[in-house]
Amino acid sequence: MSTDFLNAFKRHHADADLLLDNKRWPNADQLYGFAAECGLKALMQALGMKLKKSDGSPMEISHRAHINRLWSEFQVFAAGRGAEPYAAMLPVENPFSDWHTDQRYYRSEAIAETSAVQHREALGHVHRVVSSARMDGRL
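Summary of the structure given here. (Residues numbered from 1 in each chain as written. Predicted model: local features only at pLDDT ≥ 70, side-chain atom pairs only at ≥ 80, totals over all residues. Heavy atoms only, no water.)

This brings us to the overall build of the protein. Helix and strand counts for the protein stand at five helices and zero strands. Starting at the N terminus and walking to the C terminus, you meet the elements of the protein as α-α-α-α-α. In terms of C-alpha radius of gyration, the protein reaches 15 Å, essentially the compact-globule figure of 14 Å for 139 residues. Expressed along its principal axes, the backbone C-alpha trace of the protein runs to roughly 40 × 30 × 25 Å. The buried share of the protein, taken over its 139 residues, is 44%. Once local pairs closer than 6 in sequence are excluded, the contacts in the protein between residues at least 24 apart make up 70%. Accessible area of the protein: about 7700 Å², with a carbon and sulfur share of 50%. One finds the centroid of the 17 positive side-chain charges in the protein at a distance of 6 Å from the centroid of its 17 negative side-chain charges. (Helix = DSSP H or I, 4+ residues; strand = E, 2+ residues; numbered from the N terminus. Rg over C-alpha atoms; globule rule 2.2 N^0.38 Å. Buried < 20%, exposed > 50% of the residue type's maximum accessible area, 1.4 Å probe, protein only. Contact = heavy atoms within 4.5 Å. Areas by Shrake-Rupley, 256 points an atom, 1.4 Å probe, with all protein chains shown as cover. Lys, Arg positive; Asp, Glu negative; His and termini not counted. Charge placed at Lys NZ, Arg CZ, Asp CG, Glu CD.)

In structure tokens form, the structure reads like this:
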């Protein structure tokens with residue numbers, strides 16, 4: 001098994017944009033959350049997050065969280081690793097706090113266009129962090 005958070009970040013982001021463009025709000029919204037999660041995990045891995053050899057998942061239970069919890073975990077993780085500037089690029093309040101993986105089971109009407117658009121905008125913060133880390137040679 002080959003875990004590649006950065007590749008998954010790009011793939012989920014691209015697919016979410018395609019879905020949003022085609023008015024498929026619920027699935028776009030889910031993928032924006034997964035993209036944000038993968039983007040932050042890519043940087044966390046570059047900063048020293050350990051992965052299990054067996055399945056490529058993070059060793060720390062708190063690092064296995066989805067974006068609705070990972071956002072604040074990233075802030076803590078970045079502290080003391082020389083990554084404070086990256087954490088400072090993200091809003092302190094988690095824009096994905098209303099995002100949950102179990103929303104994949106909801107009726108289509110339950111996820112509005114506004115939610116998907118807001119999460120796309122929130123993903124923009126993660127994209128800027130990832131781009132900055134790449135320019136700095138950290139990713």
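Once that is clear, we can look at the nonpolar core. Phe9, Leu40, Phe74 and Val126 are the most contacted members of the largest nonpolar core, which totals 39 residues. A total of eleven residues in this core trace back to one element, the largest contributor, which is helix H2 (residues 25–46). (Core = buried A, V, L, I, M, F, W, Y, C linked by side-chain atoms within 4.5 Å.)

Here we come to the side chain of histidine 12. With respect to the helices and strands, histidine 12 occurs in helix H1 (residues 5–21). Those residues within four positions of histidine 12 in sequence are excluded, and the remaining contacts are Leu31, Phe34, Ala35 and Cys38.

Okay, unusual backbone geometry next. Phi angles above zero are rare outside glycine, and lysine 23 is one such case at about 60 degrees. Within the secondary structure layout, lysine 23 lies in the loop between H1 and H2.

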